[in-house]
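# Topology and contacts: notes
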Amino acid sequence: MSNSGDGVAVEDVRRIAELSHLQLNPQEEAGMLRDLNAILGYVAQLNELDTSAIAPMAQVAEILDLEGVVEAHLREDKAGSCLERSSVMISAPDSDGIFFKVPKVIER
Amino acid sequence: MTKRISDLELPGAMRGIAESPNSAVASTEECLRAIETQNPIINAFLSVDTEGALAQAKRIDEAAAAGSARGALAGVPIGIKDVLTVEGMPATAGSKILEGYRPPYTATAVRKLIDAGAVILGKINCDEFAMGSSNENSAYGPVRNPHDTDRVPGGSSGGSAAAVAAGMAVATLGTDTGGSIRQPASFCGVVGVLPTYGRVSRYGLIAFASSLDRVGPFAVSVHDAALVLGTIAGYDPLDATSSLRPVPDYTEGIDKGVAGMRLGVPSEYFGKGLDPEVQSAVESTIERLRAAGAEIVPISLPHTRYAVPTYYVIATAEASSNLARFDGVRYGYRAPEAKTLAEMYRLSREGGFGAEVKRRILLGTYVLSAGYYDAYYKKAQQVRRLLTDDFLAAFKNVDAILTPTAPTPAFKIGEKADDPMAMYLADIYTVTASLAGICGISVPCGNSHEGLPIGLQILGNHFAESTVFRVAQAVESLEK
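Residues numbered from 1 in each chain as written. Chains lettered and ligands numbered in written order. Predicted model: local features only at pLDDT ≥ 70, side-chain atom pairs only at ≥ 80, totals over all residues.

## Considerations on helix α7 (residues 276–291) of chain B
Residues and elements named next belong to chain B.
- A rise of 1.5 Å per residue sets the reference length of α7, with its 16 residues, at 22 Å; its end C-alpha atoms lie 22 Å apart and thus fit the reference within 8%.
- Listed in full, the buried residues belonging to α7 are V278, A281, V282, T285 and L289. All buried residues of α7 project into a common sector of 90 degrees when viewed along the axis, lining one side. Opposite the packed face of α7, turned more than 90 degrees from it, sit the exposed residues P276, E287 and A291.
- In the segment just after α7, G293 is the residue with positive phi, at about 110 degrees. (Helix = DSSP H or I, 4+ residues; strand = E, 2+ residues; numbered from the N terminus. Expected span 1.5 Å × (residues − 1). Buried ≥ 20, exposed ≤ 12 C-beta atoms within 10 Å, placed from the backbone. Arc of directions from axis to C-beta.)

## Notes on the sheet that holds strand β1 (residues 45–48) of chain B
Residue and element names in this part refer to chain B.
- Ordered in space as β1-β3-β2-β4-β6-β5-β10-β11-β9-β7-β8, the 11 strands form an open sheet in which the pairing is mixed. Looking at the sheet topology across the chains shown, the edges are occupied by β1 and β8 (295–299). Strand after strand, the sheet turns through a mean of 30 degrees between neighbouring axes, direction not considered.
- Strands β1, β2 (77–81), β3 (119–124), β4 (171–176), β5 (191–194) and β6 (214–219) of the sheet are contacted by helix α4 (residues 158–165), whose axis makes an angle of about 155 degrees with β4. (Pairing = 2+ DSSP bridges. Axes fitted to C-alpha atoms, helices over the stretch in contact; angles between N-to-C directions. Contact = placed C-beta atoms within 7 Å.)

## So, unusual backbone geometry
Residues and elements named next belong to chain B.
- For the bond from G155 to S156, the omega torsion is 10 degrees, close enough to zero to count as cis.
- Assignment of secondary structure puts S156 in the loop between β3 and α4.
- If you check the backbone angles, N43 has positive phi at about 65 degrees while not being a glycine.
- With respect to the helices and strands, N43 occurs in the loop between α1 (24–42) and β1.
- Since 22 C-beta atoms lie within 10 Å of it, N43 is described here as buried.
- A positive phi angle, near 50 degrees, is found at F129, a position not held by glycine.
- Turning to its location among the elements, F129 is positioned in the loop between β3 and α4.

## Considerations on the UniProt feature "domain: Amidase" (unreviewed entry) in chain B
- The UniProt record marks residues 27–468 of chain B with the feature "domain: Amidase" (unreviewed entry), using the residue numbering of this structure.
- Here residues 27–468 of chain B runs as 36% helix and 14% strand, with 29 Å between its end C-alpha atoms. (UniProt positions renumbered as here; feature names shortened; annotations may be inferred.)

## Overview of the packing of α1(B) against helix α2 (residues 50–65) of chain B
Residues and elements named next belong to chain B.
- Relative to each other, α1 and α2 sit at 155 degrees, their axes nearing to 8 Å. Regarding the angle of α1 to α2, the classification is roughly antiparallel. When α1 is examined against α2, the residues A24, V25, T28 and L32 are found in contact with a partner set consisting of T50, A53, L54, A57, K58, I60 and D61.
- Residues belonging to the contact of α1 with α2 are distributed by class as follows: seven nonpolar, two polar and two charged. (Parallel < 35°, antiparallel > 145°, perpendicular 65-115°, else oblique. Nonpolar A, V, L, I, M, F, W, Y, C, P; charged D, E, K, R; others polar.)

## Brief notes about the pairing of β5(B)
Residue and element names in this part refer to chain B.
- Across the two faces of β5 the burial is the same, with V191 and V193 and G192 and L194 all buried.
- Of the strand pairs in this sheet, β5 and β6 are connected by two bridges, and their pairing is antiparallel. Bridge pairing in β6 places V191 opposite A219.
- In terms of strand pairing, β5 meets strand β10 (residues 439–447) through three bridges, oriented antiparallel. Bridging across to β10, L194 finds its partner in G440.

## Describing the UniProt feature "active site" (unreviewed entry) in chain B
Residues and elements named next belong to chain B.
- Feature annotation in UniProt assigns "active site" (unreviewed entry) to the following positions: K81, S156 and S180. Across 100 residues, the annotated set stays spatially compact, with a maximum C-alpha separation of 11.1 Å.
- Of note, K81 is situated in strand β2.
- The exposure class assigned to K81 is buried, which follows from the 32 C-beta atoms found within 10 Å.

Here it is in structure tokens:
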């Protein structure tokens, strides 16, 4: 990203919109630029905390494991029943009943 | 025109499970009549399954007449937030991108309700993909607060809270990622429960932020909420984060009172920004709990002020990943004019998502992007641990923690709509428990001078739901 640490620039908004497969009109771009800078400015207060010795916490089960209760568990690796294909394909915007149909993938 | 709850005709208003008609058909018809008269004003239900609900109610009554054992929720009419799937019913998640989608499977929490004899009335309005604190972000129009229809019901489960408050359902399911059950319960004067992370299966919940998302009930009373939670809780092989712990009967011992309990009051939740009427209602309830024999213990949760920024980094990061699946390929809206695959993704998402969803996807993508991951996402995960440690330390010393649920009563529709930061601060007292994975409840504890409900939040340690219900039941008894 082109950002130098002074907040989000309009090029950053365009780049993350591209990464997110979102298309913003110029008015939306301006609004998002303003909002992202306001929110990230607020988030910056996290830097008041020295967290160099703190392990990141991704989810809650790891805390419960530390409390001595093993919460994480995976089911047996065995194939079970699944949804009928027809019940799923009926929701597809475009389908031949077996595959999802989409526009051309490669331009040339 | 502004309407207040006293102006509304509420045939089944605020009537709990025990006071409902013994006949499932009569109960269901009562709720359907309330939906017919109230919903055009409140906009809580997005779809109503009149035929299916009445057929299910009839089956329940026939089984009872034939002498079959009644399920725990036999004949109780329940509405479902539209982020949970029910086979054959629409599931919009409040978004245009899922308009017309009918999922082929039923969420585990809903399946358990049906197995216990509940009657599923239909699907309930919410903020788009559960992102919001006012229900104004729904693609299907805002929900109005039954206590004052110019005001928001809270969010994101605003419709679920409003439906119970207006007598359109005896109970509802909502979801809570940063406060989305507790805050609307507070705004609408009903009971709303945040179960411990892992207590209720997330299978069939359209994901927003998977490490935070939880399914929980709304009801008119603490007892009803305990009954519904007991029904939907439990291990589910379809959700790898669901807990193996057995589910207790949450109604057992609920009336034991608070004598001898140690209840913590954190100073950080009573500072700047707290509405004086909310403060006074909460403090007077705390005094009455003291008079009822609880020991009130001043405590500190020192990292509280960092919770909102931490939450908005983690929740948006997870959302940006979860919402990648809405691309116009398998279900929902596809932009018809797209010529290439990339254009189809872009135009479908552009046309299908509302402004707040886009804002959160962009923020989440930014905090996860190369060069910013450590500064934002990893940093927030580290602070998440500090916030959690605050609670774990506190619960060594107290049985439960008492705070306001929200800093203010329900605000006006449109009041914060153009200021995302102001809206995010509506979650200031609820996001902490979300990040720590602990359980909680919002229970009514008074009204403002304008007659708007005020909620008390009771927080308990991981899997301490029974403790939380016991304190909430004491508060409810004091209010009567």
